[in-house]
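For reference, the chains in residue letters:
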Amino acid sequence: MKLVATGFLVGATVVFLATHWWLSRGGPGWVGYVKAAAEAGMVGALADWFAVTALFRRPLGLPIPHTAIIPTKKDQIGDSLGDFVGSNFLAEEVVRDKLHRTELPRRIGGWLAEPANAERVTAELATAVRGAVTVLRDEDVQEVVEQVVVRQLMSQQWGPPLGKVLEGVLADGTHHRLVDLVCDRAYDWVRANHDLVMRVVADHAPTWSPRFVDAMIADKVFSEVLAFAWAVKTDPEHPMRKAVDKFLVEFAHDLQHDPATIDRAESIKHQFVEHPDVQRLIGKAWTTIKTMILDAAADPSSALRRRVAEGLAGLGQRLHTDAEFRAKFDGWLEDAAGYVVRHYRKEITTLITDTVARWDAQETSRKVELQVGRDLQFIRINGTVVGSLAGLVIYAVSQMIT
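Being a predicted model, the structure only gives us computed values, none of them experimental.

K.L.:
Go over the side chain of Thr53 with me, naming the residues and quoting the values.
P.N.:
For Thr53, the position within the fold is in helix H2 (residues 30-56). By relative accessible area, which is 10% here, Thr53 ends up buried. Of note is the side chain of Thr53, whose polar atom sits 2.7 Å from the backbone oxygen of Trp49.

Printed below as a string of structure tokens:
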């Protein structure tokens, strides 16, 4: 295109020289019109060549002011471009309006509602999770587990929370099932251990006591214990059960308010956490969790991936059909986008200005010229043509006046 535009300039120059020579040799009057048109075309072509060239470099290498605009004003152009983008494209109201008009939640919902798309997103999430878990160093994660989880457990008192839970269980009467089970087991144990009762009585009987007397006493003791166990088992209102309920209520209260009981719970907590088996379990916790995550993420048929896919499909269906939920989701998106552009607009536009600032001035000029140079060469061509026509009109008017 430079050659084409330069060809127009050369053509106008050749015509001008030829007509000038012809007129000097007594050529006809119409040649003057052609000469004037060619002369004005030369001027227009040269003027536009200068204007176009001045954008990218100094014409003929001369230090003419206000030339080589792009190389010398590169940083200012980058700043202006960043400000323009920030003011016109990253304004909060513009972003909110664009998000509202695009109906993004409805589109996302319709896309996610398709099982194949939900599976695709699940697969991508699984890949990301596998990558994140693989990159994490086991030692670092284990240290976090020990420092955060274990320290958190050790820093909190166990007594009051356990007492609160036990209090709730007692209020609901859920513990009665456990008491029933204990009573059933106690009765079954007593009934199945007649010989043990006989042996205990015999071992504690005086040496002078006859054997048949020991046996009678043992039978009596066994019968009484068995009857007591049966009564406790079958009578929901038995005093023994009432005593257990009273003890549990008092214990739940003490766990929350009695300093001695709370201290005892703390002592048990430390013994529990510092036990070697518990320490080994904590040490292997991350390894176990990591293996479970990797296996579940790698298996397309795993329960975890199926639930994630079903959850995503359900979310998509709800977004697509539930206008109220979709409006809430749209509001969340707009608020999030508004927060980002409100607080980080300068950082986003800095990406433009910093990138432009890092460019080489001459390389930047060359890249811009390659992108828009073809159209700029048409300016040179148009300058030649329009200049020729303007010169022709001016010459014709001058001839008419004279």
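K.L.:
Tell me what's going on with the layout of surface pockets, and back it up with residues and numbers.
P.N.:
Here the largest pocket is characterised by a volume of approximately 220 Å³. Looking at the lining of the largest pocket, the elements with two or more residues in it are helix H10 (175-192), helix H12 (211-234) and helix H13 (239-257). Per-element accounting of the lining of the largest pocket gives the leading share, six residues, to H10. Of the residues assigned to the lining of the largest pocket, the class counts are eleven nonpolar, one polar and one charged.

K.L.:
So, the packing of helix H7 (residues 115-135) against helix H17 (residues 303-321): which residues are in play, and what are the values?
P.N.:
In the contact formed by H7 and H17, the axes pass within 9 Å of each other and the chain directions differ by 130°. Considered as vectors, H7 and H17 are oriented oblique to each other. Crossing angle aside, the handedness with which H7 passes H17 is right-handed. Note on element contacts: H17 touches H7 through Arg305, Val308, Ala309, Leu312 and Ala313, opposite Ala118, Glu119, Val121, Thr122, Ala123, Leu125, Ala126 and Arg130.

K.L.:
Explain unusual backbone geometry residue by residue, including any values.
P.N.:
Positive phi is not limited to glycine here, since Glu103 has a value of about 50°. Structurally, Glu103 is set in the loop between helix H5 (92-102) and helix H6 (104-112).

K.L.:
Quick one: what's the story with the packing of aromatic side chains, residue by residue and with numbers?
P.N.:
One pass over the full model with this rule turns up seven aromatic pairs. Pairing Tyr187 with Trp230 gives two aromatic rings, centres 5.2 Å apart and planes at 55°, and the pair type is tilted. Here Tyr187 is found in helix H10, whereas its partner Trp230 is found in helix H12, with 43 residues between them in sequence. Seen in terms of ring centroids, Phe325 and Phe329 are 6.4 Å apart; in terms of plane orientation they differ by 45°. Their pairing is tilted. Residue Phe325 and its partner Phe329 are located together in helix H18 (residues 323-358), separated by four residues, close to a single helical turn.

K.L.:
Mind laying out the environment of Glu237, listing which residues take part and the relevant values?
P.N.:
Positionally, Glu237 belongs in the loop between H12 and H13. A relative accessible area of 51% places Glu237 in the exposed class. Of the polar contacts made by the side chain of Glu237, one reaches the side chain of Lys242; its length is 2.7 Å.

K.L.:
Please provide a residue-by-residue account of the pattern of salt bridges, values included.
P.N.:
Per the stated rule, a full pass over the model turns up nine salt bridges. A salt bridge links Asp335 to Arg96, with the nearest nitrogen and oxygen atoms 3.1 Å apart. On the criterion of sequence distance, the pair formed by Asp335 in helix H18 and Arg96 in helix H5 is long-range, its members being 239 residues apart. Salt-bridge contacts for Lys242 lead to Glu237; the nearest nitrogen and oxygen are separated by 2.7 Å. Connected through shared salt-bridge partners, Glu92, Arg96, Glu334, Asp335 and Arg342 make up one network.

Rules used in this analysis
Residues numbered from 1 in each chain as written. Predicted model: local features only at pLDDT ≥ 70, side-chain atom pairs only at ≥ 80, totals over all residues. Heavy atoms only, no water. Helix = DSSP H or I, 4+ residues; strand = E, 2+ residues; numbered from the N terminus. Buried < 20%, exposed > 50% of the residue type's maximum accessible area, 1.4 Å probe, protein only. Polar contact = N/O pair within 3.5 Å; in protein donor to acceptor, adjacent residues only side chain to side chain. 1 Å grid on protein atoms, 1.4 Å probe; cavity = no way out; pocket = protein on both sides within 12 Å on 5 of 7 lines; lining within 4 Å. Points joined across faces, edges and corners; volume = space filled by probe spheres on them. Nonpolar A, V, L, I, M, F, W, Y, C, P; charged D, E, K, R; others polar. Axes fitted to C-alpha atoms, helices over the stretch in contact; angles between N-to-C directions. Parallel < 35°, antiparallel > 145°, perpendicular 65-115°, else oblique. Left-handed = near helix turned anticlockwise from the far one by under 90°. Contact = heavy atoms within 4.5 Å. Phe/Tyr/Trp six-rings, centres within 6.5 Å; stacked < 30°, edge-to-face > 60°. Salt bridge = Lys/Arg side-chain N within 4 Å of Asp/Glu carboxyl O.

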